[in-house]
Amino acid sequence: MLLAPAALGLVLPAVIAPETAAAGELASLNGREAINDYMEQQEIDELKAWRSKNQVTSVNQFSDIRPTDWAYQALSNLVEKYGCVAGYPNGTYKGGQAMTRYEAAALLNACLDRVTEVTDELQRLMDEFKKELAVLKGRVDGLEAKVGELEATQFSTTTKLKGEVNFILGGVPDYDGRTTGNQDRTTFNYDIRLNLDTSFTGKDLLKTRLRSANFSAASPFNAGDSLFKLDKASSTNAGAGGVGGLDTVTIDRLFYQFPVGKEFTLTAGALVRNTEILAFIPTAYRSQLLDFFTTAGSPGVYNKATGQGFGAVWKQNVAKGKGFWNASLNFIAQDGEISNEGIFDSDGSLNTTAQIGYKGSNWGAAVAYRNGTFGTRTINANGSAYSSLSSGQTSNNVSVAGYWQPLDTGIIPSISAGYGFTDISGTGSAANSDSWYVGLQWDDAFAKGNAAGIAIGQNPSAGAGVDDPLSLELFYKFQVTDNISITPGLFYITNSSNQVGSQDLWGGVIQTQFRF
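All figures in this text were calculated on a predicted structure; none of them were measured in a lab. In this convention, every chain numbers its residues from 1, walking through the sequence in written order. Restriction of local features to residues with pLDDT of at least 70 applies here, the model being predicted, together with a cutoff of 80 or more for giving and counting side-chain atom pairs; totals for whole chains, interfaces and linings are based on all residues. Each side-chain value is derived from all of the structure's non-hydrogen atoms; neither hydrogens nor water enter the calculation.

### Looking at the overall build of the protein
Each helix and strand in the protein was counted, giving seven helices and 16 strands. Summary of the burial criterion: residues with accessible area below 20% of their type's maximum are buried, those above 50% are exposed, and those between are partly exposed, where the area comes from a 1.4 Å probe applied to protein chains only. Taken across its 516 residues, the protein has 37% of its residues classed as buried. Areas reported here follow the Shrake-Rupley algorithm with a probe of radius 1.4 Å; residue values treat only the protein chains shown as occluding. Surface accessibility of the protein: about 28,900 Å² in total, with carbon and sulfur atoms responsible for 61%. For helices the rule is a DSSP run of H or I covering at least 4 residues; for strands it is a run of E covering at least 2, with both sets numbered from the N terminus onward.

The structure is reproduced here in structure tokens:
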């Protein structure tokens, strides 16, 4: 067809007289340029007709493409969804052959034609839903304005507020010979904690915690020497000994935590707790009720010393979900803010805690050690041995603990166990003791999010002729919503040698927790 203009140029002079051609058809066709335009249009029309007749609608039209080819699915999608795959007139695709620039241009042109069609379809849809789109745009503009106003008036761009409120309804019989019978009454107390978590880099943490609670110091749930001491019980009453006076809000955590490299985290704070800056506590039993069962069976090591101090945690850098080794070391001075004792003075109630452990995907174990000086807490469940270390005394506390959890929740519970030993040097009220516990917990018990558990253990005890007290705890946690849970718990304690007559004791609470 490209030779047609030249052929016409040879044929026309022989048929038509020169003067007739100049005045007739050649004049009407406006010369050779018009003839070229006419013939090119004919070629375009023929090409479109061929493409319409031979349009590829299925990858199976190509004789050299099989379902076993590695690119079969990709070609099938291009043909059936977008219709922009072109082959050769002989019905082959020649997928293993190099493509020329002309062939690439032809393929790109076919795809661009389809893009134009899709764009036209979108335009028609936009025209059809023009009113709805305008309404949506107005709503989005209004939402952006509200978000802008919220950002302008928000509390902080770096701080998040997290709250926890606990209502505790509970009671125990009159078991303490030091009282006149008032402890058999049922009490209703609260414990509220407000955490202000601030991050300046996205990886660091400045934690400030406000706390208020109205547990009396004489309450069995708050008294330091009580076997019924709860994890969520304290007093911020302004009155002497936590009795009477007005409830106040206090700062009970204030520390800064930041990473160093990929494996280390450092902590420094004016109010920090030793158990909260360890790599982990080796237990899967989490009733959050009796204080003894929150310490992996070793309250001598995990004694929850709070004060001024520093800490470092190393965690092995592994792929997410893999087990890792870890090590922790921290130093807490419970009275480090007092000028006449100081943060490094042995009279400042110093606690040095170290732990080495391994935490897998569903199990973990750790060995821990704590050294305590004068004034630090040693928990022995018999009389004055519950008191802090006397002047000149030091303690060496060792713990071995671990846990295992099933990969899927069901009738098989998680199993946690631990043993602790405390060695006291020097003369004073505190004495050597040991302790242990075993805890079973069923997650998703009867309903997703709920939990049930039972734990038994020997509280730390010391002294000649003292029977070892055993504690038993039962609980069931109802997860009412994502933010509200209700946990009834029952306690039974045998051979309570720090009570009058070494009597068996029992008690119970209903703990309702709100998180926000």
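### Concerning the side chain of asparagine 303
For asparagine 303, the position within the fold is in the loop between β5 (264–273) and β6 (306–315). Looking at asparagine 303, the relative accessible area reads 3%, which means it is buried. Among the polar contacts listed, one links the side chain of asparagine 303 to the side chain of asparagine 351, at a separation of 3.2 Å. Contacts: residue pairs with any heavy atoms within 4.5 Å of one another. Look past the residues within four positions of asparagine 303 in its chain and what remains in contact with it is Asn274, Thr275, Asn351, Arg370 and Arg377. Whenever a nitrogen or oxygen atom comes within 3.5 Å of another N or O atom, the pair is scored as a polar contact, on the condition that within protein one atom can donate a hydrogen and the other can accept it, and that pairs from neighbouring residues in sequence are kept only if both atoms are in side chains.

### Thoughts on the pairing of strand β1 (residues 159–171)
The pairing of β1 with strand β2 (residues 187–198) spans 12 bridges and is antiparallel. Across the sheet, residue threonine 159 finds its bridge partner in β2, namely threonine 198. Any two strands with at least two DSSP-identified bridges between them are counted as paired. Examined bridge by bridge, β1 and strand β16 (residues 505–515) share eight bridges and lie antiparallel to one another. Residue isoleucine 168 lies in a different strand from β16, and its bridge partner there is glutamine 511.

### Side note on the packing of aromatic side chains
The criterion for an aromatic pair is that two Phe, Tyr or Trp rings (for Trp, the six-membered ring) have centres within 6.5 Å, with stacked assigned to planes under 30 degrees apart, edge-to-face to planes over 60 apart and tilted to the rest. Overall, the coordinates contain 13 aromatic pairs when judged by the stated rule. With a centroid separation of 6.2 Å and an interplanar angle of 70°, the aromatic rings of tyrosine 285 and phenylalanine 293 are classed as edge-to-face. Classification of tyrosine 285 as buried rests on a relative accessible area of 2%. With a relative accessible area of 1%, phenylalanine 293 lands in the buried category. Taken together, the ring pairs in this structure connect Tyr285, Phe292, Phe293, Tyr437 and Phe475 into an aromatic cluster.

### Here we look at the nonpolar core
Take the buried residues of types Ala, Val, Leu, Ile, Met, Phe, Trp, Tyr and Cys, join any two whose side-chain atoms come within 4.5 Å, and each joined set is a nonpolar core. Residues Phe221, Phe228, Leu230, Phe293, Phe491 and Val509 are the most contacted members of the largest nonpolar core, which totals 28 residues. Counting only elements with at least two residues in this core, the list comes to β13 (451–461), β15 (484–494) and β16. Leave out the neighbours within four places in its chain, and leucine 230 touches Ile168, Phe221, Leu289, Leu290, Asp291, Phe491 and Val509. Within the second largest apolar cluster, seven residues are counted, among which are Val59, Phe62, Leu75 and Val85.

### Focus on the confidence of the model for the protein
pLDDT: the predictor's confidence for each residue, scored from 0 to 100. For the protein, per-residue confidence averages 80 on the pLDDT scale, and residues scoring 70 or more make up 76% of the total. When pLDDT is averaged over each element of the protein, strand β7 (residues 324–333) comes out on top at 97 and helix α1 (residues 4–15) at the bottom at 39. Segment residues 1–29: pLDDT under 50, and 19 contacts once partners within four positions in sequence are set aside and those in other chains are kept. Predicted confidence for residues 177–182 stays below pLDDT 50, and this span has four contacts to residues more than four positions away or in other chains.

### Some thoughts on the side chain of asparagine 351
Tracing the sequence through the fold places asparagine 351 in strand β8 (residues 350–359). When residues no more than four places from it in sequence are discounted, the contact partners of asparagine 351 are Asn303, Ala305, Asn330, Phe331, Ile332, Gln334, Arg370, Asn371 and Thr376.

### Observations regarding the environment of isoleucine 411
If you trace the backbone, isoleucine 411 turns up in the loop between β10 (394–404) and β11 (414–425). C-alpha of isoleucine 411 to C-alpha of aspartate 443: the two residues are 32 residues apart in sequence and 9.3 Å apart in space.

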